[in-house]
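Notes for the structure review
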Amino acid sequence: MISGDKLFLFSDGLFEFWNFENEIFGLDAFVDELEKFTDLKGHELLEEISNEMFRISRNGIRDDVSMLLLEI
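Here goes a summary of the coordinates provided. (Residues numbered from 1 in each chain as written. Predicted model: local features only at pLDDT ≥ 70, side-chain atom pairs only at ≥ 80, totals over all residues. Heavy atoms only, no water.)

Following the criterion strictly, the structure yields three salt bridges and no others. The salt bridge partner of E33 is K36, with a shortest N-O separation of 2.7 Å. Here E33 falls in the buried class, since its relative accessible area comes to 16%. Given a relative accessible area of 51%, K36 falls into the exposed group. Here the residues in one salt-bridge network are E33, K36, E52 and R55, joined through shared partners. (Salt bridge = Lys/Arg side-chain N within 4 Å of Asp/Glu carboxyl O. Buried < 20%, exposed > 50% of the residue type's maximum accessible area, 1.4 Å probe, protein only.)

Encoded structure:
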């Protein structure tokens, strides 16, 4: 790893929910959403990701949500 690299670990609660199209959001869609936040760091990155997932979820996220961000 080099300076500026990030390691982001997360639980399935961030992507296994029903969206507004009445479909499971899914891992691929979640990874696509992450690209919006690559310039953010630390707490701001985690906050924006969680806010976006709660916004996208139709009935709210009902599973546990865990995130861990390691930055070099």
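Applying the stated criterion to the full structure yields five aromatic pairs. Ring centres of F8 and F10 lie 5.2 Å apart, and the angle between their planes is 35°; this geometry places the pair in the tilted category. The buried category is assigned to F8, whose relative accessible area is 18%. (Phe/Tyr/Trp six-rings, centres within 6.5 Å; stacked < 30°, edge-to-face > 60°.)

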